[in-house]
Amino acid sequence: MDLDSLIIAVFCLVDDALPRVIPGRLRRRGPRPVLRDSEVLTVELVGEYLGLDRDAEAFSYFRRHYSHFFPALGRVHRTTFARQAANLWRVKEALWQWLLPRAGCDPGWALVDSFPVAVCRFARAPRSRTFRGEAGFGRDHTIKQTFYGFRLHARVCWPGVLTRLSVTPAGVADVALLEELTDRTRGVCLGDRAYWKPELHEWLRRQGPEMLVPFKKANSDPTPGRSRLISGIRYRIETVFGQLCERFSAKRVWARDLWHLSSRLLRKVLAHTVMVVLNRERGNDPLRLAELLTY
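(A) Highlighting the overall build of the protein. Counting its regular elements, the protein contains ten helices and six strands. For the protein, whose C-alpha radius of gyration is 20 Å, the value lies close to the compact-globule estimate of 19 Å for 295 residues. Across its three principal axes, the protein shows a C-alpha extent of roughly 65 × 50 × 40 Å. Taking all 295 residues of the protein together, 48% fall into the buried category. For the protein, contacts bridging at least 24 residues in sequence account for 65% of all contacts bridging at least 6.

Pasting the structure below:
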């Protein structure tokens with residue numbers, strides 16, 4: 001579909017879902033906003049898909065090129081738009097969870113992993129005031145360097161739909177979030193070697209999920225074939241993380257407090273889920289997001 005059709009499809013999806021997600025009036029007091037909530041969400045979600053991950057960029061682009069779709073954008077200030085978008089974080093979370101069944105995810109097959117989100121360069125960390133008391137130091141195993149910031153822990157259900165998210169200081173180990181990520185779930189959950197903890201796996205198995213994790217050390221692995229099979233299936237989560245970091249710029253931190261950072265990440269996860277839903281309904285591979293838009 002072209003960009004006009006994508007905007008219309010996202011708006012119809014969001015506008016139809018909002019009354020079911022949030023029944024009744026969303027705001028109990030005060031005047032109604034000039035921009036409809038479905039319009040704000042559409043601008044945010046399509047903007048994220050186009051790589052416009054800052055409020056100012058998305059606002060300016062749609063005000064300049066799509067004022068015929070969103071005429072009220074010309075009557076509000078950018079800060080009003082940004083404030084309304086940030087205050088819709090609870091709506092975004094509810095909409096994300098409501099869309100998961102339509103995304104075709106299989107809750108019986110889950111993958112868990114994390115990736116680092118640095119808030120500044122390492123040399124600036126000791127004097128940085130951003131997220132002081134909230135961020136921390138941790139190890140980025142991909143580039144084998146220490147960084148200052150957060151670690152985003154996620155659970156992804158097959159074929160590649162984000163179903164749970166948690167943001168922690170960078171020094172928190174992956175296995176410490178395993179119980180939270182698998183809470184109230186059933187089926188099989190795959191992780192990498194960082195989640196090796198047999199006693200926790202046994203406790204989780206009695207609660208519901210069965211953990212499949214490669215042996216903690218590759219050079220002394222008693223069943224390397226099993227570990228290769230688990231790693232091959234688990235690699236799907238790397239595809240999802242790659243989309244979050246490249247297309248949706250999840251590692252770029254423009255926020256200055258944890259609340260705005262969480263809202264920003266939630267917007268990206270919702271945008272990813274919406275595009276997976278639209279791709280699936282068009283008969284495409286759910287994770288081939290680039291094929292959703294044709295010029």
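(B) Up close: the pattern of salt bridges. One pass over the full model with this rule turns up 17 salt bridges. Residue R267 is joined to E48 by a salt bridge in which the shortest nitrogen-to-oxygen separation is 2.9 Å. On the criterion of sequence distance, the pair formed by R267 in helix 10 (residues 258–281) and E48 in helix 2 (residues 37–49) is long-range, its members being 219 residues apart. What makes R267 buried here is its relative accessible area of 7%. With its nearest N and O atoms 3.9 Å apart, the salt bridge here joins D53 to K268. With a gap of 215 residues between them, D53 in the loop between helix 2 and helix 3 (55–65) and K268 in helix 10 connect regions that are remote in the sequence.

(C) Structural detail: unusual backbone geometry. For the bond running from W158 to P159, omega is 10°, close enough to zero to count as cis. With respect to the element layout, P159 can be found in the loop between strand 3 (145–158) and strand 4 (161–169). We note that F131 has phi near 60°; this positive angle belongs to a residue other than glycine. Residue placement: F131 occurs in the loop between strand 1 (106–118) and strand 2 (136–140).

(D) Highlighting the pairing of strand 5 (residues 187–190). Pairing geometry for strand 1 and strand 5, over three bridges, is parallel. Paired with L111 across the strands is L190, a residue of strand 5.

(E) A look at helix 5 (residues 89–99). When we look at burial in helix 5, the residues that qualify are V91, K92, L95, W96 and L99. Buried residues in helix 5, looked at end-on, bunch into an arc of 135°, giving them a common side. Residues of helix 5 that are buried make contact with helix 1 (3–21), helix 2, helix 4 (78–87), strand 4 and helix 10.

(F) The pairing of strand 4, seen in detail. As paired elements, strand 3 and strand 4 share eight bridges and run antiparallel to each other. Considered in strand 4, the bridge of V156 is made with L162. Hairpin connection from strand 3 to strand 4: two residues lie between these consecutive antiparallel strands, with G160 at a positive phi of about 155°.

Rules and cut-offs
- Residues numbered from 1 in each chain as written.
- Predicted model: local features only at pLDDT ≥ 70, side-chain atom pairs only at ≥ 80, totals over all residues.
- Heavy atoms only, no water.
- Helix = DSSP H or I, 4+ residues; strand = E, 2+ residues; numbered from the N terminus.
- Rg over C-alpha atoms; globule rule 2.2 N^0.38 Å.
- Buried < 20%, exposed > 50% of the residue type's maximum accessible area, 1.4 Å probe, protein only.
- Contact = heavy atoms within 4.5 Å.
- Salt bridge = Lys/Arg side-chain N within 4 Å of Asp/Glu carboxyl O.
- Pairing = 2+ DSSP bridges.
- Arc of directions from axis to C-beta.

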